[in-house]
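For reference, the chains in residue letters:
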Amino acid sequence: MSSADSVRPAVEASRPATTDTFSAFGWALRRDLTLALRRKSATLNLVSFFVLSCMMFPLAIGPQQAWLQRVGPGVVWVAALLALLLALPRLFEHDHQDGSLEQMLASGRSLPALVAGKLLAAWLVSALPLVVVTPLLAMSLYLDGSSTLLLMVSLLLGTPSLLAIGSIGAALTLGLRGAATLITLICLPLFVPVLIFGAGAVEMQAAGLSPLAHLALLAAVMLLALASAPFVAALGLRTSLE
Amino acid sequence: MNFYRYASPQTFYPLAGRMLPWFAMAAVLLAVVGLAIGFVVAPTDFQQGEVYRIIFIHVPSAWMAMLVYLVMAGYAVLTLALRARLPAMMTLALAPTGALMAAIALWTGALWGKPTWGTYWAWDARMTSTLILLFLYLGYLALVSAIEDTQRADRAGAVLVLVGVINVPIIYFSVQWWNTLHQGASVSPTGGSSMATVMLQGMLVMTLAAWCYCIACALHRVRSIILEREGHSHWVRRLVAQPAGSPLLEEAENRI
């Protein structure tokens, strides 16, 4: 056994594993947030895409209030889903290109924790802004106050699942040619339940029924996705970088 | 007999070659018998007329579309757990057949739907989830074919299949729920009548035919994949060095 091997376990043992995991999570979160704050245009572009793609629907189907009220929640949901699909390739791509992703893998820190930190950062800079501008879009689609509120809640509960599931697709397609298209092809079928429960919640309320069942299922999917996706995405990253 | 012996591509290749004709023949025979029962022996349905006969192809293919994905998931587990090559090759060999089965199920469903429901496509829960299943197959194939490094392709594909198989029940449940909210139980693919025994027999035989067909296709495809991937090895070089059709080729296969 070399001297390096005998030294490392001692250093590792001096720090409890849970603290290590949390510090890896916090480090990845801080780092990605800092990077995002220095490249604000990415977030801005995403929000613009979200708003523009929502705007296309009234232009395509006509400005009748009743129609727009009817399709509004679904339109906002699909637009948010597409916007997040656009954000997914960036999740690991920059880190892959400048080599920092391999450094993270080699660091010996918990890779799922790093992925989870990156996911939270991505949600804060990509998904949360979409939820923030949602009232504006809801107003332009003639949705009333309670529908708007419910739409925001469903987006808050649903977007983490989309990013978590999407991170698996992003990890598996890392560095491939046409990765963005591949991510779309891989992830869209897996997004179906989130879309159904999310847009369905608002529709239930519009029909005079309780949206709680939809929201509970949305939260259940979110918990399942958040609990498992970082591990699967980490496995995917190892597969892609081996 | 030690089955683990056949876990290596080199030993599995001739075994697959020996099994292939049997499954292919069984598929043809069963299909002939099944179609004969379905089109000649089985009576005309008093509600749907002759149109119902499409279920002899539709139902087996829909079953196989789901089953093949489950089998792929089984091989995906083996791929990830054992880091073995052959299970990954089997996963890849099964995928086009599974996609074909899903496509046939959708196609025949549409042909059945037009005269029966008056529309080729309805957002029925089963049809919608079969369509999503088809896209899961296509996504897997797209991912695997986009990755040049075979080891990475195998493992990435396995991860995707496993994520998909966890999602299939959730997708099915969500689509079914969504469907019942949007339209009442106006259409139901079961047709509402209990099936005559002879119809059930025909469908059973056709299902066995579909099984044999899928196995034969997968075996044939996995042989091609083995040759393609193991092309650098001695035994493949020796095998392909033989002129086609020569008795030496078979002998070489048997010797391996």
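Since we're looking at a predicted model, the values are computed, not measured. (Residues numbered from 1 in each chain as written. Chains lettered and ligands numbered in written order. Predicted model: local features only at pLDDT ≥ 70, side-chain atom pairs only at ≥ 80, totals over all residues.)

**A look at the overall build of chain A**
Right, on to step 1. Helix and strand counts for chain A come out as 10 helices and 0 strands.
Right, on to step 2. For chain A, the succession of helices and strands along the chain, N to C, is α-α-α-α-α-α-α-α-α-α.
Right, on to step 3. Structurally, chain A occupies a C-alpha span of about 75 × 35 × 30 Å along its principal axes.
Right, on to step 4. Out of the 242 residues in chain A, the part that is buried amounts to 46%. (Helix = DSSP H or I, 4+ residues; strand = E, 2+ residues; numbered from the N terminus. Buried ≥ 20, exposed ≤ 12 C-beta atoms within 10 Å, placed from the backbone.)

**A short note on the overall build of chain B**
Right, on to step 1. Helix and strand counts for chain B stand at 8 helices and 0 strands.
Right, on to step 2. Each helix and strand of chain B, ordered N terminal to C terminal, gives the series α-α-α-α-α-α-α-α.
Right, on to step 3. Buried positions account for 38% of the 256 residues belonging to chain B.
Right, on to step 4. Pairs at least 24 residues apart make up 78% of the contacts formed inside chain B by residues separated by at least 6 positions. (Contact = placed C-beta atoms within 7 Å.)

**Comments concerning the interface of chain A and chain B**
It is common to give the size of an interface as the accessible area that goes away when the parts come together.
Right, on to step 1. On the side of chain B, 22 residues touch chain A, which itself brings 21 residues to the contact.
Right, on to step 2. Sorting the residues of the side of chain A that touches chain B by element identifies helix H8 (145-172), helix H9 (179-206) and helix H10 (212-241) of chain A as the ones contributing at least two each.
Right, on to step 3. The element that contributes the greatest number of residues to the side of chain A that touches chain B is H9 of chain A, accounting for 10 residues.
Right, on to step 4. Residue composition of the side of chain A that touches chain B, by class: 14 nonpolar, 6 polar and 1 charged. (Nonpolar A, V, L, I, M, F, W, Y, C, P; charged D, E, K, R; others polar.)

**Structural notes on unusual backbone geometry**
Right, on to step 1. The residue Tyr142 of chain A is not glycine, and still its phi comes out positive at about 65°.
Right, on to step 2. With respect to the helices and strands, the residue Tyr142 of chain A is situated in the loop between helix H7 (111-140) and H8.
Right, on to step 3. By C-beta crowding, Tyr142 of chain A is classed as partly exposed, having 17 other C-beta atoms within 10 Å.
Right, on to step 4. Not every positive phi belongs to a glycine, and Arg83 of chain B is a case in point at roughly 55°.

**Quick notes on the environment of Pro135 of chain A**
Residues and elements named next belong to chain A.
Right, on to step 1. Secondary-structure assignment places Pro135 in helix H7.
Right, on to step 2. Given 15 C-beta atoms within 10 Å, Pro135 falls into the partly exposed group.
Right, on to step 3. In this structure, the C-alpha to C-alpha distance between Pro135 and Met55, residues 80 residues apart in sequence, is 14 Å.

**Brief notes about the environment of Asp144 of chain A**
Right, on to step 1. For Asp144 of chain A, the location among the structural elements is in the loop between H7 and H8.
Right, on to step 2. The sequence separation of Asp144 of chain A and Pro129 of chain A amounts to 15 residues, and the corresponding C-alpha distance is 21 Å.

**Quick notes on the packing of helix H2 (residues 55-82) of chain B against helix H6 (residues 197-229) of chain B**
Residues and elements named next belong to chain B.
Right, on to step 1. Viewed as axis vectors pointing N to C, H2 and H6 meet at an angle of 45°, and their least axial separation amounts to 9 Å. Between H2 and H6, the crossing angle belongs to the class labelled oblique. The chirality of how H2 crosses H6 is right-handed. For the pair H2 and H6, contact is made by Ile55, Phe56, Ile57, Val59, Pro60, Ser61, Trp63, Met64 and Val68 and by Gly202, Met203, Met206, Thr207, Ala210 and Cys214, respectively.
Right, on to step 2. Residues of the contact of H2 with H6, tallied by class, amount to 12 nonpolar, 3 polar and no charged. (Axes fitted to C-alpha atoms, helices over the stretch in contact; angles between N-to-C directions. Parallel < 35°, antiparallel > 145°, perpendicular 65-115°, else oblique. Left-handed = near helix turned anticlockwise from the far one by under 90°.)

**Looking at H2 of chain B**
Right, on to step 1. Counted at 1.5 Å a residue, the expected span for H2 of chain B with its 28 residues is 40 Å, and the 40 Å between its end C-alpha atoms agrees.
Right, on to step 2. Positive backbone phi, at 55°, marks Arg83 of chain B, one or two positions downstream of H2 of chain B. (Expected span 1.5 Å × (residues − 1).)

**Some thoughts on H9 of chain A**
Residue and element names in this part refer to chain A.
Right, on to step 1. Over its 28 residues, H9 extends 38 Å from the first C-alpha to the last, a length consistent with the 40 Å expected when each residue adds 1.5 Å.
Right, on to step 2. Along H9, the sharpest kink reaches roughly 40°, centred on Phe191 and followed within four residues by the proline Pro193.
Right, on to step 3. Buried residues dominate H9, accounting for 21 of its 28 residues.
Right, on to step 4. Backbone geometry just downstream of H9 places Gly208 in the positive-phi region, at approximately 85°. (Bend = angle between axes of the 7 residues up to and from the residue.)

**With respect to the environment of Gly202 of chain B**
Residues and elements named next belong to chain B.
Right, on to step 1. Take Gly202: it is sitting in helix H6.
Right, on to step 2. Judged by local crowding, Gly202 falls into the buried class, with 25 C-beta atoms found within 10 Å.
Right, on to step 3. Taking C-alpha positions, Gly202 is 6.8 Å from Phe56, a pair spaced 146 residues apart along the chain.
Right, on to step 4. Residues in contact with Gly202, not counting those within four places in the same chain, are Gly34, Ile37, Gly38, Ala42 and Phe56.

**Points about the confidence of the model for chain B**
Residues and elements named next belong to chain B.
Right, on to step 1. Looking at chain B, the pLDDT average stands at 82 and 85% of residues meet or exceed 70.
Right, on to step 2. Averaged pLDDT values over the elements of chain B bottom out at 56 in helix H8 (residues 247-255) and peak at 91 in H2.
Right, on to step 3. This model gives residues 184-188 a pLDDT under 50, and the stretch forms 3 contacts once residues within four places in sequence are excluded. (pLDDT = per-residue confidence, 0-100.)

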